[in-house]
Amino acid sequence: MQFFWFLWAGLGFLVAFLAIPLIARFAERAGVVARPSGHPKEVHKSPVPLLGGLAVFLGVGVPLLLILATSDALTDGLIHASHYLGFLLGGAVLMIGGFLDDKYNLPPKVTILFPMIAAATAVLFGIGVDRLTNPFGETPFFLADWQSSLLTFVWLMVVMYTTKFLDGLDGLASGVSGIGAFMMFLLAVTVTYFQPDVALFSLIAVGALAAFFVWNFHPAVIFLGEGGSTYVGFLLGVLSVIGGAKLGTLLLVLAIPFLDVLWVVLRRVFVEHKSPTSGDRKHLHHRLLDLGLSQRQVVVLYVGVAAASGMSTLLLQSRDKIITFGVIATLMIIAATYIVITSRKRLEHNV
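Parameters at a glance
Counting of residues starts from 1 at the beginning of each chain's written sequence and follows it residue by residue. In keeping with the model being predicted, local features are shown solely for residues with a pLDDT of at least 70 and side-chain atom pairs are shown and tallied solely at 80 or more, while totals for entire chains, interfaces and linings include all residues. Side-chain measures were taken over the full set of non-hydrogen atoms in the model, leaving aside hydrogen atoms and water. Going along the chain from the N terminus, every DSSP run of H or I of four or more residues is numbered as a helix, and every run of E of two or more is numbered as a strand. For cavity detection a 1 Å grid was placed over the protein atoms alone, and a set of points counts as a cavity when a 1.4 Å probe fits there but cannot get out; an open set counts as a pocket when protein lies on both sides within 12 Å along at least five of seven lines, with lining residues being those that have an atom within 4 Å of a point. Grid points are joined across faces, edges and corners, and a volume is the space filled by probe spheres set on the points. Amino acids outside the nonpolar list (Ala, Val, Leu, Ile, Met, Phe, Trp, Tyr, Cys, Pro) and the charged list (Asp, Glu, Lys, Arg) are all regarded as polar, and Gly is one of them. Throughout this description, the term salt bridge denotes a Lys or Arg side-chain nitrogen within 4 Å of a carboxyl oxygen of Asp or Glu. For Phe, Tyr and Trp, where Trp contributes only its six-membered ring, two rings pair if their centres lie within 6.5 Å, and the inter-plane angle classes them as stacked under 30 degrees, edge-to-face over 60, or tilted in between. Using a 1.4 Å probe on the protein chains alone, a residue whose accessible area is under 20% of its type maximum counts as buried, one over 50% counts as exposed, and one in between counts as partly exposed. Between N-to-C directions, angles cover 0 to 180 degrees, with each direction set by a line fitted to C-alpha atoms, over the stretch in contact for helices. An angle below 35 degrees is read as roughly parallel, one above 145 as roughly antiparallel, one from 65 to 115 as roughly perpendicular, and any other as oblique. Each helix crossing is assigned a hand: it is left-handed if the near helix lies turned anticlockwise from the far helix by less than a right angle, otherwise right-handed if that turn is clockwise. Two residues qualify as a contact provided that any one of their heavy atoms is within 4.5 Å of a heavy atom in the partner residue. Within 3.5 Å is the distance limit for a polar contact, defined as a pair of N or O atoms, with the added protein rule that one can donate a hydrogen and the other accept it, and that residues adjacent in sequence qualify only through two side-chain atoms.

Peer 1: Requested: an account of unusual backbone geometry, with residues and values cited.
Peer 2: Trans is the common state for peptide bonds, and a negative phi is the common state for residues other than glycine. Across the junction of His-218 and Pro-219, the peptide omega takes the value 0°, indicating a cis bond. Its location among the elements puts Pro-219 in the loop between α8 (196-216) and α9 (225-242). One non-glycine residue, Asn-105, lies in positive phi territory at about 55°. Tracing the backbone shows Asn-105 in the loop between α3 (81-104) and α4 (108-111).

Have a look at this one:
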C-alpha cells in the first residue's frame, strides 16, 4: 500500500473541508438555500445553504487533475486519461444542473436531463463494462459495445437516483456514499483485484466525502443540493465500473437505499397513481424517524448496514452476493411491513 495515496486523500479532504464555508457563504448570498416550506419530507427547521456537492466535486477533482498532470499513478492500469476526463466533465454537468435546480426549482422533466447528459458523457469517453461475472459458472458474460454502453448508462442513472432519493437526512447520502467508496478501495488493494489506480481514485473520493460528512452530519451546516446528491451516485457508479465491473459490490452497499427507492417508486406509480418523483415522507429513513429514532441514529444505522454489507463482499463470490442481496431484501420487506403496521397503529391510537 502506497503512503502517498493517503497524502492525496488528505488533499481531497482538505480541499473539500476548506471549500465548504466559502460555498455556504456564496449559496446564502445567491439565495440558493433550502428554506422550510412545510413539506412532509422536510426535516430541517431553519434555512440551510445548498450547493455542498460542489465541495465534494472539488475535493475529488483537484487531486485527480494534479496527479494526472504530474505522474501516471492514475493511468498505469486499464484506466485512461480520457476516462477521468469523461468523469470530470460529467460531474461538471451535474454541478451546473444542480445549481440551476437549487436556484430556480426546475421541474423533474428538466432536472433528469443533467444526469442523463452526465451518464452519456461518461459512456462517450470510454467508461464502460466489457464483461460481467457469471455467478453460475467460470466463464464471464462478454458484452458488445452497444450492450456495454446501454448497461453503463442505465447503471449510472440508477445509482444517481438512488443517492438522490437517499439524501433526505443530514449526513445520510454522504455517509453511505463514503462507505461505498471505501469498499471500492478495500477491494482494489486485495491480492485478487489489486488495482493501484482504482485504489488511489477511491481513497481520494473517501477523503472528499469524509470532509463533507463532517459539515453535513446533524445538525447540517450545508446540504449536498441537487447536483451533489446525484454527483455522489455518479462518483460511486463510475468507481464501480472502472474498478472492474464491481456492480454487485456497490449494489450490496446500497442495498437498503436501492430497495427503498424501488419500493417507493413502485408504490407511487402503481398504488397511488402519481409521479415517481413526487416527494413524500414514506421513505424508510423517514419512517424510522417517525418511530422515534433521531437523525443521527438513523444515519449511523444506515452507515453500519452499508459497512457490514460491503465487508461481506470481500469474502463472498458472485453467487453468494446474489443470495446475500436476496436475504437483505427479505429482511427489509419484513422490517418495512412491521414499521408500516406499527405506524398505522400509532396513528389510529392518536385519532
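Moving on, there is more to tell.
Peer 1: Residues and numbers for empty space enclosed by the protein, please.
Peer 2: With the rule as written, the count across this model stands at 2 cavities of 30 Å³ or more. What lines the largest cavity is Leu-94, Gly-97, Gly-98, Asp-101, Thr-111, Phe-114, Pro-115, Glu-226, Gly-227 and Thr-230. Taken together, the elements giving at least two residues each to the lining of the largest cavity come down to α3, α5 (113-124) and α9. Broken down by element, the lining of the largest cavity gets its largest block of residues, 4 residues, from α3. Split by residue class, the lining of the largest cavity holds 3 nonpolar, 5 polar and 2 charged. The space that makes up the second largest cavity amounts to roughly 40 Å³.

Peer 1: Now, about the pattern of salt bridges: what can you tell me, with residues and values included?
Peer 2: Evaluation of the coordinates by the stated rule reveals 1 salt bridge. One salt bridge in this structure joins Glu-226 and Lys-164, with 2.6 Å as the shortest N-O distance. Taken as a pair, Glu-226 in helix α9 and Lys-164 in helix α6 (residues 145-166) lie far apart in primary sequence, 62 residues in all.

Peer 1: Lay out the packing of aromatic side chains in plain terms, naming residues and giving numbers.
Peer 2: Going through the model one piece at a time under the given rule, you end up with 14 aromatic pairs. Ring centres of Trp-5 and Phe-185 lie 6.5 Å apart, and the angle between their planes is 85°; this geometry places the pair in the edge-to-face category. Pair noted here: Trp-5 is in helix α1 (residues 3-30) and Phe-185 is in helix α7 (residues 172-188), with a separation of 180 residues, a long-range link. Accessibility expressed as a relative area gives 3% for Trp-5, which makes it buried. Using a relative accessible area of 4% as the deciding quantity, one classes Phe-185 as buried. For the ring pair Phe-87 and Tyr-231, a centre distance of 6.0 Å and an interplane angle of 35° mean the geometry is tilted. You can see Phe-87 sitting in helix α3 and its partner Tyr-231 sitting in helix α9, a full 144 residues away along the chain. Since its relative accessible area comes to 1%, Tyr-231 is described here as buried.

Peer 1: Any details on the environment of Leu-85? Residues and values, ideally.
Peer 2: Considering the arrangement of structural elements, one finds Leu-85 in helix α3. Of the residues examined, Leu-85 reaches a relative accessible area of 41% and is grouped as partly exposed.

Peer 1: Account for the packing of α1 against helix α2 (residues 53-70), naming residues and giving values.
Peer 2: With their axes 8 Å apart at the nearest point, α1 and α2 run at an angle of 140° to one another. The orientation of α1 relative to α2 falls into the category oblique. The element α1 and its partner α2 pack so that their crossing is right-handed. Residue-level contacts link Trp-8, Leu-11, Gly-12, Val-15, Ala-16, Ala-19, Ile-20 and Ile-23 of α1 to Leu-54, Ala-55, Leu-58, Gly-59, Val-62, Pro-63, Leu-66 and Ile-67 of α2.

Peer 1: An account of the environment of Tyr-84 is needed here, citing residue identities and associated values.
Peer 2: Within the fold, Tyr-84 resides in helix α3. Residues Tyr-84 and Ile-127 lie 43 residues apart in sequence; the distance between their C-alpha atoms is 8.8 Å. At 2.7 Å, the side chain of Tyr-84 and the backbone oxygen of Leu-74 are in polar contact.

Peer 1: Which residues make up the packing of α8 against α9, and what values do they have?
Peer 2: At a minimum axis separation of 10 Å, α8 and α9 run at an interaxial angle of 165°. As the angle between them shows, α8 and α9 are arranged roughly antiparallel. For the pair α8 and α9, the crossing hand works out as left-handed. Residues Val-198, Phe-201, Ser-202, Ala-205 and Leu-209 of α8 pack against Val-232, Leu-235, Val-238, Leu-239 and Ile-242 of α9. Partitioned by chemical class, the residues of the contact of α8 with α9 number 9 nonpolar, 1 polar and no charged.

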